[in-house]
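Observations on the model geometry
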Amino acid sequence: MATTDLTSVGEVRATSGDGAIPPTIDRTRNISGGMLMMIFFIGSEVMLFASFFAAYFFARYNIADNDWPPLNQAGEPFKLPVLLTGVNTAVLVASSFTLHWAEHRLKLGDRKGLQVGMIVTMLLGAAFLIVQLNEYWHLGFTPSDTAFGSTFYALTGLHGAHVAVGLLILLVMYIRITRANDFSAKFATPLAAGSLYWHFVDVVWVILFLLVYVL
Amino acid sequence: MATFAPTHQEPHHHHHEVDKRPLSYWWTRAFVGTIVGIAVGFFIPWFFRFVFGMEPLWVPELYYTVILSTATLGFLAGIGCFDYWMKYILGHRVSYEDHSMHGAYSWRDYFKVNTDHKVIGIQYMVTVFFFFIVGGVFAELVRAELSTPGQQLVDGEDYNGLFSSHATVMIFLFVIPAFAGLANYILPIMIGAKDMAFPRLNALSFWMLIPGGLLLAASPIVGSYSAGWTAYTPLAVQGSTGQTMFEVAVQIVGTSSIMAAINFMVTIFTMRAPGMTVWRMPLLVWANATTSALVIFGTPFIAGSQFMTLFDRIMNTQFFNPVGGGDVIMYQHVFWFYSHPAVYIMMLPGFGIISEILATFSRKPVFGYRALAFSTVAIAILGFGVWAHHMFVSGMASWLRIPMMLTTIVIAIPTGVKVFSWLGTIWDGKLHLKTPMLWALGFIFTFVIGGLSGVYLATVPIDIALTDTYFVVAHIHYVFFGGSVFTIFAGVYYWFPKMTGRMYNETWGQVHFWLTFVGMNVTFFPMHWLGFQGMPRRVADYDERFAAMNEFITMSTALMVVGTLIFFANMAYSWAKGPKAPWNPWRGRTLEWLVSSPPSTFNFEATPQVVGGPYQYGIEGARHAVVFAPEEIGGGELTETERRTILVVASETVSSSTLLDEIRRKSKEGPWRFTFAVPAKGRDHRSAERRLQVALAVLAEAGVDANGSVVDGGPIEAIEKVVEEEPVQEVMLATYPSGQSGWMENDMLDRARKATGLGITRVVVRRDDAVAPAPGSGVVALGVVANDALGTDGLGAAIRNRADQQPLGVTLICPLNLTGPGWTDDASKVRDEAVDRAQRTIGDLVDAGVPAQGEVIDGDEAAAARVAVTAYGAERVILFTLRGEGGEATVEAVRAAIAPVEVEHVVVDAAAPAGS
Amino acid sequence: MLRSRHTLPLIVITLVVSALTVAGIMLIEWTPERASVQADRYWVLLLFLVAASALIFVIVTAVLIYSVIAFRAKKGDESDGPPNHGNTALEITWTVLPTILLAAMGVWASIVLIQNDRRDADRETIEVTSQQFAWSFTWRDGVRTPFETGDLYLPLGRQVELKMRSTDVIHSLYVPEFRLKQDVVPGLTTTMLVNANKVGTYPIICAELCGVGHGTMRARAIVMEEDDYQQFLADSQREVRTQDGSTPATASAATP
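Position labels on residues start from 1 in each chain and follow its written sequence. Chain letters and ligand numbers both follow the written order, the letters beginning at A and the numbers at 1. Confidence filtering applies because this is a predicted model: local features only for residues at pLDDT of at least 70, side-chain atom pairs given and counted only at 80 or more, and all residues used for totals across whole chains, interfaces and linings. Heavy atoms from the whole structure form the basis of all side-chain values; hydrogens and water molecules are not counted.

**Here's the deal with the overall build of chain A**
When helices and strands are tallied, chain A shows five helices and zero strands. Contact definition: two residues touch when any of their heavy atoms are within 4.5 Å. For chain A, contacts bridging at least 24 residues in sequence account for 75% of all contacts bridging at least 6. Only the protein chains shown count as cover for residues, and the accessible areas themselves come from Shrake-Rupley with a 1.4 Å probe. Summed over all atoms, the accessible surface of chain A reaches about 10200 Å², with 67% contributed by carbon and sulfur. Per the convention used, a helix needs a DSSP run of H or I reaching at least four residues, while a strand needs a run of E reaching at least two, with both numbered from the N terminus.

**Some points on the interface of chain B and chain C**
Listed by partner, the interface residues are 89 residues for chain B and 82 residues for chain C. We define a salt bridge as a side-chain nitrogen of Lys or Arg found within 4 Å of a carboxyl oxygen belonging to Asp or Glu. Summed over the shared surface of chain B and chain C, the result is five salt bridges. The term polar contact refers here to a pair of N or O atoms within 3.5 Å; inside protein, the definition further demands a hydrogen-donor-capable atom paired with an acceptor-capable atom, and it admits residues adjacent in sequence only when both atoms are side-chain atoms. Counting across the interface, chain B meets chain C through 22 residue pairs in polar contact (both at pLDDT 80 or more). Among the elements of the structure, helix 5 (156-190), helix 7 (235-238), helix 10 (328-345), helix 12 (369-383), helix 13 (401-426), helix 14 (435-458), helix 15 (460-466) and helix 17 (506-533) of chain B are those that each provide at least two residues to the side of chain B that touches chain C. Per element, the largest residue contribution to the side of chain B that touches chain C is 13 residues, and it comes from helix 13 of chain B. In this count, Pro and Cys sit with the nonpolar residues alongside Ala, Val, Leu, Ile, Met, Phe, Trp and Tyr, while Asp, Glu, Lys and Arg are called charged and the others, Gly among them, polar. For the side of chain B that touches chain C, a count of residues per class yields 50 nonpolar, 24 polar and 15 charged.

**Overview of the domain arrangement of chain B**
Domain ranges listed in this record stem from an automatic or a database domain assignment. Segmenting chain B into domains produces domain 1 (28-91), domain 2 (120-577), domain 3 (645-771) and domain 4 (780-908). Taking the mean C-alpha position of each, domain 1 of chain B and domain 3 of chain B sit 66 Å from one another.

**Topic: the sheet that holds strand 7 (residues 730-735) of chain B**
Pairing between the strands of a sheet comes from backbone hydrogen bonds, and it takes one of two forms, parallel or antiparallel. Residue and element names in this part refer to chain B. The pairing criterion for strands is at least two bridges between them, as found by DSSP. Strand order in this open sheet of five strands is 6-5-4-7-8, and the pairing throughout is parallel. Two strands close off the open sheet at either side, each with one partner strand: strand 6 (705-711) and strand 8 (760-764). Averaged over all adjacent pairs, the angle separating strand axes in this sheet is 20°, with direction ignored. Here five bridges tie strand 4 (residues 645-650) to strand 7, and the two strands are oriented parallel to one another. When the bridges of strand 7 are listed, Leu-647 appears paired with Val-731. Its contacts with the sheet place helix 21 (residues 715-725) against strand 4, strand 5 (673-679), strand 6 and strand 7, and it is angled at close to 140° to strand 5. Every axis in this analysis is a line fitted to C-alpha atoms, fitted for helices over the stretch in contact. Angles between the N-to-C directions lie between 0 and 180 degrees. Most of the contacts of helix 23 (residues 748-756) go to strand 8, to which it runs at about 150°, and overall it touches strand 7 and strand 8.

**A short note on the sheet that holds strand 10 (residues 808-815) of chain B**
Residues and elements named next belong to chain B. In space, the five strands of this open sheet follow the order 11-10-9-12-13, with parallel pairing throughout. The strands lining the two open edges of the sheet, one partner per strand, are strand 11 (852-857) and strand 13 (902-908). This sheet shows a mean twist of 20° between the axes of neighbouring strands, independent of strand direction. As paired strands, strand 9 (residues 780-785) and strand 10 are joined by six bridges and run parallel to one another. Across the sheet, residue Gly-783 finds its bridge partner in strand 10, namely Thr-811. Across the sheet, helix 27 (residues 861-872) lies against strand 9, strand 10, strand 11 and strand 12 (876-882), angled at about 145° from strand 10, the strand it touches most. Along the sheet, helix 28 (residues 888-898) contacts strand 12 and strand 13; its crossing angle with strand 13, the most-contacted strand, is approximately 160°.

**Concerning helix 2 (residues 82-107) of chain A**
Side chains that are three or four residues apart share a direction in an α-helix, a result of its 3.6 residues per turn. Residue and element names in this part refer to chain A. Compared with the 38 Å implied by 1.5 Å per residue over 26 residues, the 38 Å span of helix 2 between its first and last C-alpha is a close match. Burial classes follow relative accessibility: with a 1.4 Å probe on protein chains only, a residue under 20% of its type's maximum area counts as buried, one over 50% as exposed, and anything between as partly exposed. If you check which residues of helix 2 are buried, you get Thr-85, Asn-88, Thr-89, Leu-92, Ser-95, Ser-96, Thr-98, Leu-99, Ala-102, Glu-103 and Leu-106. Summarising the contacts, the buried residues of helix 2 are in contact with helix 3 (111-138), helix 4 (146-178) and helix 5 (188-214). Trailing helix 2 by a residue or two, Gly-109 shows a phi angle of about 80°, which is positive. Here the expected length of a helix is defined as 1.5 Å per residue gap, with one fewer gap than residues.

**Remarks on the pairing of strand 7 of chain B**
Side-chain positions along a regular strand alternate between the two faces of the sheet. All names here are of chain B. The element strand 7 is extensively covered by neighbouring structure, given that six of its six residues are classed as buried. Neither face of strand 7 is open: one carries Glu-730, Met-732 and Ala-734, the other Val-731, Leu-733 and Thr-735, and all of them are buried. Direction of pairing for strand 7 relative to strand 8: parallel, over a ladder of five bridges. Bridge assignment links Val-731 to a residue of strand 8, and that residue is Ile-760.

**Some points on the side chain of Ser-421 of chain B**
If you trace the backbone, Ser-421 of chain B turns up in helix 13. In this structure Ser-421 of chain B touches Phe-367 and Leu-372 of chain B together with Trp-94 of chain C, once residues within four positions along its chain are discounted.

**Section: the pairing of strand 6 of chain B**
Residues and elements named next belong to chain B. The sheet contact formed by strand 5 and strand 6 spans seven bridges and is parallel. Bridging from a neighbouring strand, Arg-673 pairs with Asp-705 of strand 6. By the criterion used throughout, a crossover qualifies as right-handed when its path from the first strand across the helix to the second strand runs clockwise, the strands pointing away from the viewer. Taken together, strand 5, helix 20 (residues 685-701) and strand 6 form a β-α-β motif whose crossover is right-handed.

**Considering the environment of Asn-787 of chain B**
All names here are of chain B. When you line up the elements, Asn-787 lands in the loop between strand 9 and helix 25 (793-805). When the C-alpha atoms of Asn-787 and Ala-862 are compared, they prove to be 13 Å apart, with 75 residues separating the residues in sequence. Those residues in contact with Asn-787 that lie beyond four places of it in its chain are Cys-814, Pro-815, Leu-816 and Arg-837.

Dropping the structure here:
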């Protein structure tokens, strides 16, 4: 047998080989496929947000020369409810903590804790969405109102859609735990992938809040 | 040691029943799903507008957008892409290793959701070539309009739609998914995996191409998108419904692309066979990994750009409206931030394919493997920093031009490194100019031209004059056609044997190449001149002085059209009827060549072990990987030597034990396969056929891979016919000894050497050996007991019929039934006459292709039967008697004598002796 | 070692390919006449590019052709070639030399670009308006009455700055003989600087897809001697006055 190091230590053996039974996969890397998939997926979603952030930056700095926010039809600059949204931001950040706590309970084998944590997370996420929708209702401008409105709604709307999807993911995991009894150490990986998505949604919001609302 | 492996196996239904629902079920569901999707898509915007009192209620483009999206989802749900996940979401018990939708067992499986990457790969390839035709038809219509100045065939809007559709279909529905499809089939096998990391996601990626592709290809019906595939705003905001379809369809095919890329990344990262470090990965894997990263991080930008245009169209947003503070040029920045990496997405996998092919057909390692790997990554990373070279005259910030020019120029360096490394690979090699190699070499020529014209366009002052002219059209077609498409053809020809299990026709492959190579250069090179001279692009009407050149270009496209038609004919015919392909027709070293063509359901019976680099040609004993054979053919290790074909040419000697022993001995030396050609010129074909069947049966029993046929012609004709159809490495010629052999008298050995240029081995078979039945195994040893029945038509016919059903070796024992002493003259006369008849019968049988031997004995039928069974090992005995002789007692006696051996009694009519 | 038997045939093939390439370059008239200073600067840069790209093309093509002839495997030869995995010196050479060539090109091109963008003090400013599907040119210098034409008139030997705006979608003003092109973008004013140095009439072509009439959106760029140009300006003032039927409002000094 020629050459070199075999960096991996997988056991190689022939199976009974009747064709319909696949050979065992020799997973010699430590990261799970599902987690890796979520990481790449989040990467592509980050780039999607980046394209809308680019639109925002062009509208604000290239066209408006940072004369921002621009004037609305009444001749006054657009106003954003920074304080209320700040509180909402705290709500969303809190939900990341509760989810992290829930994951911890899974590792300790505490099924009740896991379920409670997930329900609280979902409630906090739903609360965030409701407050955002309410804010939309009361903002006083639409997406058609200058590039300010367009980029604002596009960014926050895209984010809201991601929160909604995140809630769905949490819900599905919750169903798997309760109905399908997926509660086990093996569930830690899908849960970790799902919670990574939630944390990503959270981080994007913090950045969005800082760049669009605060600055 | 194993000598062959089972191909495309039937499942043993151990764990999961293969899904049995018929095709009609799935497509009915898909149809219903689409209808439901349309209804839902109509309802949602209507509901919101109604509830919130928005006026007007009917906003066509908004509804179309939602309807197209929900209809797509409905179709995908109906065809079955989401079934498994829905079960998971709803909390049912699901098995991760659910293979109910895995593997193709009939043509129908290709029209359903299937999780086997090999099936998906073929689904991709057939689909993309369908869209290749669509895109090609659009191109021909464009060229038809362009052959003379002025507007003739189509009106302005339709013309703009034609070139827009041509580009969009070729980019999103041909080049990008073609590479995904080829990699889908080959890459998992190449890294020693049983499938992709996420087979169900894989299936979804493919099926998304169907609605997405239909939207893009069919939009001319509703008024095409006509702002170019680049869809610049504000023109795109002005466009018709076709533009909406474009924007929605781009999202669909973009999502398909991203999901496939994530799948590739995870597969490559986590499922490589043990021992495959990144420096032992074939370059195709490097290329696909890099390309997947580009897709994942780049494609969302075109999604974003199309979302924004869509919103401007349907929701009156101000992204690109200067009146509302929007930024028109921002569209171009966002669009090109993806679309420049997109051109690398369309090229890097092709680079990987070329590296594979050049190494295999030069019999040399890839020159500068690490440089090629690093340059691939460098091109991808740098590729994110050059987008504005598409925007030098766009009116963007002028300070950006020089940095973008410099980064663009820098990309030329790793690209140049690749080209020189490829030249280094072929230099001093042993070049085999088969069709895949021709495409690879042609690619180097045309891609260099395309790359050089790119350097012109990178230089800003030059670009200012040349951008938006036919110079750009020339450049893009040299890199897309002479680049991407050439590599796709190269890959298709290269892996066709692996994917279909058949060889394509080499001659027609070469014809296709030359027609396309010449046609492509003659069509697109003059466009450089047109660009320099100032002909703008995307116009149907142009200066009179360009008329002759445009007409010439349009005519030249005929070469490519003919070539493409030949390609399709070759592929279709060869797939259906081509000669069977060996495992490793090209003697490649990467893992896909170490499994059967096509591979079995899960590719490998056991995880292979990688022990070296993938291109170690020229190094004695170097190996890339060790593959294990299935237990049922001996298990153990499948060595990496290529399976070679030996052609055996034998006529009457074909079933002799001398020849068969020699073949058995040779088969132990390596995984040979043997092809028989039995020349039957001027002889009875059926006899030759029977002899051949005997030989094949004996060899099959011994586990030797052999097949063949009777050829109408002499030995040289037989040799030439076989060599034309399949690659042969050696020839065995079986003849009678010199002096007895007609072939040797006619110098057959020398003539065979001249005809093939190969080594010829002569196997000398003695006459008596040629006719003797081969011992045991696969050939039924038949004992024939007959005396008076010898020489009748009936006996000969009966035996020949049985020989047609299965290979026979006949032992004829003629019982003399002597009543008196055996040494008398009378007895001698009887004996001689019986011997005579027996020999004639045996001679007739041998002539008819049934090996026969025999003897005459003094005793009776029972004794004859006993001799047949004990001395000659007969498994079955036929007793022939004449009609009217009443042989019941004889039959009983024979049966009793040799029980439990089966005895058959055949009564024949006394008649004129069978012809001599 | 290898060099000895390959060198001569390789040189022969290189010479043949070079001859064909040079013939192709010299015997075909590739570019239209040059009518601006920017075109002249472009021309020299182009020559350098052509030489460099011809060199690369010739080397690659010659090696390809030679390889296919010299290294073709003989029939029945199933052996492998030598296991050459690379040659560091060679790889460094073919990375460094193109880098130098490309760097030179980048620097030269940057210089040309900067020179082309320099504004002359005595330049003439003309406004360009593009719309689907026509060009119009307006002279508005604050001294004379503004007037508009369908063709662009330029003085010989003096720089013209075009200030361009679009009323609808993106267009692009392109004059092949000037070797100049600039997109015209709604919401912005884009500029183009041209120093015309040859009298003549040249086509103005729209070079950015703008809709159905993109192919026929044409005008003319007419370069004339300075005296003729002044005459043209004076004539157009008269025409404006005649159309108006009123005395023009001049900024300061009385009309001559």
